[in-house]
Amino acid sequence: MHESDDLGSRLDAMVNIPLSDVMALRLTGFRNEKAGYIDKPSAGEKDVNREEAVGGRASLLWNVTDSVSIT
């Protein structure tokens, strides 16, 4: 086992989109890569413990009245 030759990375993003005066859409997303550092020479593989995660979410906000909102 020895150190990895690669770097990990992380990207986060968010955008708010107004749909009308009372409604808006929010989109969020992420990508996370962790560099591996364990090699498996018998199989010719490098960085076998490398990880990658990708995900996102969408939410809608509706301001029904000045005092009532639904997400």
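All of these numbers come straight from a predicted model, not from anything done at the bench.

### A short note on a nonpolar patch on the surface
A cluster of nonpolar residues, Val15, Ile17, Leu19, Leu27 and Leu60, forms a patch on the protein surface that exposes about 380 Å² of accessible area. As for its placement among the helices and strands, Leu27 is situated in strand 2 (residues 23-34). Among the residues examined, Leu27 registers a relative accessible area of 35% and is labelled partly exposed.

### Some details on the pairing of strand 2
Pairing analysis gives 10 bridges linking strand 1 (residues 9-18) to strand 2, with the strands arranged antiparallel. Counted as the bridge partner of Arg10 is Asn32 from strand 2. Turn length for the strand 1-strand 2 hairpin, with the two strands adjacent in sequence and antiparallel, is four residues. Strand direction decides the pairing type here: strand 2 and strand 3 (residues 51-63), joined by 12 bridges, are antiparallel.

Rules behind the numbers
- Residues numbered from 1 in each chain as written.
- Predicted model: local features only at pLDDT ≥ 70, side-chain atom pairs only at ≥ 80, totals over all residues.
- Heavy atoms only, no water.
- Patch = residues over 30% accessible without salt bridge, like charges linked within 9 Å, V, L, I, M, F, W, Y side chains within 5 Å.
- Areas by Shrake-Rupley, 256 points an atom, 1.4 Å probe, with all protein chains shown as cover.
- Salt bridge = Lys/Arg side-chain N within 4 Å of Asp/Glu carboxyl O.
- Helix = DSSP H or I, 4+ residues; strand = E, 2+ residues; numbered from the N terminus.
- Buried < 20%, exposed > 50% of the residue type's maximum accessible area, 1.4 Å probe, protein only.
- Pairing = 2+ DSSP bridges.

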